[in-house]
Amino acid sequence: EELVLVVLHNWVEQLEGEAEARIADIDCPEQRLRTLVEAQMELFGRDRRTLQLMLSMLQALQNTQNEPLYRDGIRQIVTAGRQVYRDLLLEGIACHQFHASWADQADLMATNLFAYLDGIALHHIMIADFDLKPQIEAFLHHFIGKLRAPKTADPKELRSCAPIC
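Only a predicted model underlies this, so the values are computations on that prediction, with no experimental measurement involved.

Rules of the game
- Residues numbered from 1 in each chain as written.
- Predicted model: local features only at pLDDT ≥ 70, side-chain atom pairs only at ≥ 80, totals over all residues.
- Heavy atoms only, no water.
- Core = buried A, V, L, I, M, F, W, Y, C linked by side-chain atoms within 4.5 Å.
- Buried < 20%, exposed > 50% of the residue type's maximum accessible area, 1.4 Å probe, protein only.
- Helix = DSSP H or I, 4+ residues; strand = E, 2+ residues; numbered from the N terminus.
- Contact = heavy atoms within 4.5 Å.
- Salt bridge = Lys/Arg side-chain N within 4 Å of Asp/Glu carboxyl O.
- Axes fitted to C-alpha atoms, helices over the stretch in contact; angles between N-to-C directions.
- Parallel < 35°, antiparallel > 145°, perpendicular 65-115°, else oblique.
- Left-handed = near helix turned anticlockwise from the far one by under 90°.
- Nonpolar A, V, L, I, M, F, W, Y, C, P; charged D, E, K, R; others polar.
- Phe/Tyr/Trp six-rings, centres within 6.5 Å; stacked < 30°, edge-to-face > 60°.

Enquirer: How do you make sense of the nonpolar core when you look at a structure like this?
Expert: The tendency in soluble globular proteins is for nonpolar side chains to be buried side by side. Counting 42 residues, the largest nonpolar core has Leu-33, Val-37, Tyr-85, Leu-89, Leu-113, Phe-143 and Leu-147 as its most contacted members. Contributions of two or more residues to this core are made by α1 (2-23), α2 (29-46), α3 (48-62), α4 (67-94), α5 (106-126) and α6 (132-147). Among the elements that take part in this core, α5 stands out by supplying eight residues, more than any other. Each residue touching Tyr-85, except ones within four places of it in the same chain, is listed here: Leu-33, Leu-36, Val-37, Gln-40, Ala-110, Leu-113, Phe-114 and Leu-117.

Listed below in structure tokens is the structure:
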């Protein structure tokens, strides 16, 4: 059971490392968020068998007798993923790219985003001809559109962060 958790943790770290490498040189929080989501979904999409194997391992762990090990191990994996999205949302809010009213809901938004991505990845492995790209594009269009700050933000505040997208 512990070995399975280590394998899952390492696989998630590898995916996150590859995705985060793609956003390392992007200054704009909105573009970083978009690129991170697209990169993670691309990584899920490129190797359906590995994704299926990891899901099978996760399901096997759910049935374990060692519930605290499972619960804590999965919580670590999920919390780290949600934290990346939360930080990007807060960065966008601090730069006035995302509406300030979302600040008190950044954890909630990150959790919902992470859960959506998990769900859409599950659809991808369950349905052979399921195309992730248009799903992600439509979702990001509406999600980021809802996050955006009004265009009336003070330009001096906008300049305090990275160049605007």
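Enquirer: Got a minute to help me understand the pattern of salt bridges in this structure?
Expert: Oppositely charged side chains can form a pair if their charged atoms are brought close together. Counted according to the given criterion, the structure contains six salt bridges. The salt bridge partner of Glu-91 is Arg-32, with a shortest N-O separation of 3.0 Å. Here Arg-32 lies in helix α2 and Glu-91 lies in helix α4, a separation of 59 residues in the sequence. The residue Asp-107 makes a salt bridge to Arg-86 at a minimum N-O spacing of 2.5 Å. Of the two residues, Asp-107 is situated in helix α5 and Arg-86 in helix α4; the sequence distance between them amounts to 21 residues. Members of the salt-bridge network, linked through shared partners, are Arg-86, Asp-87 and Asp-107.

Enquirer: Looking at this structure, I do not really get the packing of α1 against α2. What am I missing?
Expert: Working note: a packed helix pair is described by the angle between its axes plus the distance between those axes. At a minimum axis separation of 9 Å, α1 and α2 run at an interaxial angle of 135 degrees. One way to sum up the angle between α1 and α2 is to call them oblique. Read as a crossing pair, α1 and α2 show a hand that is right-handed. Along its contact with α1, which presents Trp-11, Leu-15, Glu-16, Glu-18, Ala-19, Glu-20, Arg-22 and Ile-23, the element α2 presents Arg-32, Thr-35, Leu-36, Ala-39, Gln-40, Glu-42, Leu-43, Phe-44 and Arg-46. Its residues placed into classes, the contact of α1 with α2 shows eight nonpolar, two polar and seven charged.

Enquirer: Would you mind showing me how to read the packing of aromatic side chains here?
Expert: Aromatic ring pairs are described here by two measures, namely the spacing of the ring centres and the angle between the planes. Within the structure shown, the criterion is met by two aromatic pairs. When the ring of Tyr-116 is compared with that of Phe-139, the centres are 3.9 Å apart and the planes differ by 10 degrees; the resulting orientation is stacked. Of this pair, Tyr-116 sits in helix α5 while Phe-139 is found in helix α6, placing the two residues 23 residues apart along the sequence. Residue class for Tyr-116 comes out partly exposed when judged on its relative accessible area of 23%. Plain terms: the ring middles of Phe-139 and Phe-143 are 5.3 Å apart, the flat faces sit at 15 degrees to each other, and that makes the pair stacked. In this pair, Phe-139 and Phe-143 are both assigned in helix α6, four residues apart and thus about one turn of the helix distant. Neither residue differs from the other here; Phe-139 and Phe-143 are each classed as buried.

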